[in-house]
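In case you want the letters, here they are:
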Amino acid sequence: MKRLTFLAPDLERAQAVVEELRNMDVPEDMMHVVAADHEMLVKAHIHEATEMETSELETDFDWGIVAGGVLGLIIGFITYRSVVFGFEFGALSILAITLFGAFLGGWVGKAIGESTPSGELEKYQHAIDAGQILMMVDVAVEQVPEIYKMVRKHCPKALVESSHLFHDHPLAA
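Reference entry: report on the structure contained in this document. (Residues numbered from 1 in each chain as written. Predicted model: local features only at pLDDT ≥ 70, side-chain atom pairs only at ≥ 80, totals over all residues. Heavy atoms only, no water.)

### With respect to the sheet that holds strand β1 (residues 2-8)
Pairing is antiparallel in the open sheet, where 4 strands are placed in the order β2-β5-β1-β6. Each having just a single partner strand, β2 (31-34) and β6 (161-164) make up the two edges of the open sheet. Here the average twist between neighbouring strands, direction ignored, is 20°. Judged from the 4 bridges that link them, β1 and β6 form a sheet pairing that is antiparallel. Residue pairing in the sheet places Arg-3 in a bridge with Ser-163 of β6. Lying over the sheet, helix α1 (residues 11-23) contacts β1, β2 and β5 (133-139), oriented at roughly 10° with respect to β5. Running at roughly 0° to β1, helix α8 (residues 144-154) makes contact with β1 and β5 of the sheet. (Pairing = 2+ DSSP bridges. Helix = DSSP H or I, 4+ residues; strand = E, 2+ residues; numbered from the N terminus. Axes fitted to C-alpha atoms, helices over the stretch in contact; angles between N-to-C directions. Contact = heavy atoms within 4.5 Å.)

### A look at a nonpolar patch on the surface
Taken together, the side chains of Phe-100, Phe-103, Leu-104, Trp-107, Val-108 and Ile-112 make up a nonpolar region of the molecular surface, amounting to roughly 650 Å² of accessible area. Its location among the elements puts Phe-103 in helix α5 (residues 91-114). (Patch = residues over 30% accessible without salt bridge, like charges linked within 9 Å, V, L, I, M, F, W, Y side chains within 5 Å. Areas by Shrake-Rupley, 256 points an atom, 1.4 Å probe, with all protein chains shown as cover. Salt bridge = Lys/Arg side-chain N within 4 Å of Asp/Glu carboxyl O.)

### Some remarks on the packing of α1 against α8
Running from N to C, α1 and α8 cross one another at 155°; their axes reach a closest spacing of 10 Å. The angle between α1 and α8 places the two elements in the roughly antiparallel class. By crossing handedness, the relation of α1 to α8 is classed as right-handed. For the pair formed by α1 and α8, the contact residues are Arg-13, Ala-16, Val-17, Glu-20 and Leu-21 on the first element and Ile-147, Met-150, Lys-153 and His-154 on the second. Across the contact of α1 with α8, the residue classes break down as 5 nonpolar, 1 polar and 3 charged. (Parallel < 35°, antiparallel > 145°, perpendicular 65-115°, else oblique. Left-handed = near helix turned anticlockwise from the far one by under 90°. Nonpolar A, V, L, I, M, F, W, Y, C, P; charged D, E, K, R; others polar.)

Here is the structure:
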């Protein structure tokens, strides 16, 4: 999968691109649109980007799980064979503390990621604030040339960036 990212100068051109994408059988959940005016996108029936595309939620969640799991494993080894309030920590406690640490780390990472704007979108923020519309489209590699030509037809001045997605669907991380 590839993610094509570009700016549409106005709502009319964004709607034209979305309509052609629909005609090319690109699912709505593969189109992610960011605009300064949320209501404008709702009225135009354009799929708005979710928190997964506009924040560092996924990355911070993943790092939180890793960091929490490693910290839990270290604490598990430190407490191995120790006795606290009459409870002896054994091999099973290492696993339990590691899993608890991973869970806690993921929870903290999710909380941090939800409030952190996506670093990839930062470079477009000035254009979004000026009224342009950021469009991100996830497509199969075979469709890239055809969709690229269509985007150039509607937004001839748009710089279309392409990036590789490491999974087929945003929720299948």
